[in-house]
Amino acid sequence: MAVHEVFRLHITSEKFIVEPRGSEDGELLIIDRVTQDITLQGNQGQIPASAITKNIYGILGIIRLVAGAYLIVITKREKVGELMGQTIWTVAETEILSYKRTTTHLTEQQTVLNKMYLNMVESLLKTEFLYFSCTYDLTHTLQRLHNTSPDFNSMGLYERADQRFVWNGNILRELAQQPELSRYCLPVVFGFVEVSSCQVNGKSFEYVLISRRCIYRAGTRFNVRGVDSEGQVANFVETEQIVQYDGQYCSFVQTRGSIPLFWSQRANLKRLPSPTIQSTNHMSAFQKHFDDQIYNYGYQVIVNLVNHKGPEHQMEKMFAQTVANAQNENIKYESFDFHKECKGMRFDKVSILIERLEADRKRFGYFHQLRDGSVVTKQCGVFRTNCMDCLDRTNVVQSLLAMATLQEQLTRLDVLDAGQRLNEQKQFDTVFRNVWADNADALSIQYAGTGALKTDFTRTGKRTVMGALMDGWNSAVRYIRNNFQDGYRQDAIDLFLGNHIVEETEGLTTRSPLAVQRDWKFYVIPVVCLIALAMMIISLLLPGENASEQLMYVLFWGSATAISLATMMLFGTTFVDQPRLAQDKVKME
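I will try to describe carefully the structure that is included in this document.

What counts and how
- Residues numbered from 1 in each chain as written.
- Predicted model: local features only at pLDDT ≥ 70, side-chain atom pairs only at ≥ 80, totals over all residues.
- Heavy atoms only, no water.
- Helix = DSSP H or I, 4+ residues; strand = E, 2+ residues; numbered from the N terminus.
- Rg over C-alpha atoms; globule rule 2.2 N^0.38 Å.
- Buried < 20%, exposed > 50% of the residue type's maximum accessible area, 1.4 Å probe, protein only.
- Contact = heavy atoms within 4.5 Å.
- 1 Å grid on protein atoms, 1.4 Å probe; cavity = no way out; pocket = protein on both sides within 12 Å on 5 of 7 lines; lining within 4 Å.
- Points joined across faces, edges and corners; volume = space filled by probe spheres on them.
- Nonpolar A, V, L, I, M, F, W, Y, C, P; charged D, E, K, R; others polar.
- Expected span 1.5 Å × (residues − 1).
- Arc of directions from axis to C-beta.
- Patch = residues over 30% accessible without salt bridge, like charges linked within 9 Å, V, L, I, M, F, W, Y side chains within 5 Å.
- Areas by Shrake-Rupley, 256 points an atom, 1.4 Å probe, with all protein chains shown as cover.
- Salt bridge = Lys/Arg side-chain N within 4 Å of Asp/Glu carboxyl O.
- Lys, Arg positive; Asp, Glu negative; His and termini not counted.
- Charge placed at Lys NZ, Arg CZ, Asp CG, Glu CD.
- Pairing = 2+ DSSP bridges.

The helix and strand inventory of the protein stands at 18 helices and 20 strands. Relative to the globule expectation of 25 Å for 589 residues, the C-alpha radius of gyration of the protein, 27 Å, shows essentially globular dimensions. For the protein, the C-alpha atoms occupy an extent of roughly 90 × 70 × 45 Å along the three principal directions. Residues counted as buried form 55% of the 589 residues belonging to the protein. Long-range contacts, defined as pairs at least 24 residues apart, comprise 68% of the intrachain contacts of the protein with a sequence gap of at least 6.

Quick look at the structure:
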């Protein structure tokens, strides 16, 4: 069942009245701002002339903060493209509307806290990566949709959605509790969607790439790693490549996700903190994770791209040993030291890995549906690819596997002639590479705070000096964001997903986690460092009465600077922007 596409929102002092445009039923969704009751009523002239009216394109949900409930609506959307004749949109602008007409009932501290929570919600909503469709189920792959029953297809979009990928599920709960409101419950996914019109050999087709980010164990790079006790892993993303041609559809699915062990890598001011593996039994969580993966996707080929030397080596060793101990016939482990094999910017050597995976890729196949709805082939397994972040190296390998399968699909669809190579079709090859590079950038921004590394290879097929320099810049920006901004970003995600529930008594009778006081070292040592550095520079620039006196001052203030910097590095976690919400629910210390 489709969701209403366009509404008029009428705002009065006592109610939010949502009027579907073009609805034959003449119904109204009425939200009482005082009692907070939500009802569906027939239109009998309840809309007063004094109401403030605006067009909206969907209800994201209702979130409760210190000041009370807020209604979140989509005020602007942009078209991404069409899939199976249904339009896909991205959220361009939103508005957060308070039920309360004033915040005078709040104390000064509560007002500050409420503003902080509002800013968190707004920061997440302003991302460019929230997608929806009012008529198409974006949360499911084509193969999952085909395997459903007629009863499933008659359900509302939110009710039948794969809840792993519904990012506004928490704030839609109040609406979803009433089945009659199903046409107002709009599921939104977070990740990446691109629809490109392409042409090869004079034949036009649509190339679609959808990446769905999972809501479980969601977060930012150094704050959420590994697996939890339920088998959910950090940065899990399902990526589906779709081809639409002459009424036929082909789909190929891959997944990525953090190494499913109990490990952490907390930011501590070092460029790359060493990963820490917990001394515990990993098997139960490992098995839960792969039981779920096998149930959803079939046979698993784990493609592990971490280093076989240095800090990453223990991760690779433990992962390989855990796979071996599991003795699961539905799991195969394939390890490839990406950085060693491709050193010297020889990224073409990734072909060694692709050749090793070729037999499994052919065995897995892909989903192919004819124009009459019948299915020729189905996909029976997936490649689950990971590196440490499941971003840069992972995306390079996934794009090459996708290209190999796409070659087969377009040949089978008679778009490519027998013997033709897809990567020789320059116009399409450019589209393909840029779509996958854009996918890499989107997923990397969401998890690490910057665009992806190594995208010059994805975009051009070769590693370049300029690409390496850009990677250096992105690495520097990642350092700043991962150490000094990601605590806030993590809190915004936890708040939006409901991992932290705000109490209206926060700042009044309940202590807010946002009110945590910083350690004294956070304030004192950086000030000492700045003063010492300034004095050292002054000592260098202003000549003393004699050279030895000037040297003494420079050495003294230089030593003070070095000692304070060393102290900051020693107590690195004190100076990092740590998340403050939901620490006991989604993160592992």
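A word on empty space enclosed by the protein. Following the criterion strictly, the structure yields three cavities of 30 Å³ or more and no others. Here the largest cavity is characterised by a volume of approximately 60 Å³. Lining the largest cavity, in full, are Trp167, Phe190, Arg213, Cys214, Arg217, Ala218, Gly219, Asn235, Phe236, Gln446, Tyr447 and Ile493. When its residues are assigned to classes, the lining of the largest cavity shows seven nonpolar, three polar and two charged. Each pocket or cavity is described by its volume, and for the second largest cavity that value is around 50 Å³. Lining the second largest cavity are Arg164, Cys214, Gly231, Gln232, Val233, Phe236, His289, Asp292 and Gln293. In the lining of the second largest cavity, the residues fall into three nonpolar, four polar and two charged.

Moving on, we come to helix 7 (residues 313–326). Here helix 7 is 14 residues long and its end C-alpha atoms lie 20 Å apart, about the 20 Å a rise of 1.5 Å per residue gives. Of all the positions in helix 7, only Met315, Glu316, Phe319, Thr322, Val323 and Ala326 are classed as buried. Projection of helix 7 onto a plane perpendicular to its axis shows the buried side chains occupying an angular sector of 135°, all on one side. Looking at the buried residues of helix 7, the elements they touch are strand 14 (263–264), strand 15 (276–277), helix 6 (283–297), strand 16 (299–304), strand 17 (331–335) and strand 20 (381–386). Note on helix 7: the residue one or two positions beyond its end, glutamine 327, has a positive phi of about 50°.

There is a patch of like positive charges on the surface, built from Lys309, Lys340, Lys343 and Lys349. Position of lysine 340 relative to the elements: it lies in helix 8 (residues 338–341).

A regular strand places its side chains so that they alternate between the two faces of the sheet. Extensive coverage of strand 11 (residues 203–213) is indicated by the burial of eight of its 11 residues. Taken together, the 10 bridges between strand 10 (residues 189–200) and strand 11 define a ladder with antiparallel strand orientation. Residue glutamate 194 lies in a different strand from strand 11, and its bridge partner there is leucine 209. Linking strand 10 back to strand 11 in an antiparallel pair, the connection comprises two residues, with asparagine 201 at a positive phi of about 55°. Here strand 11 pairs with strand 12 (residues 237–245) via eight bridges, running antiparallel.

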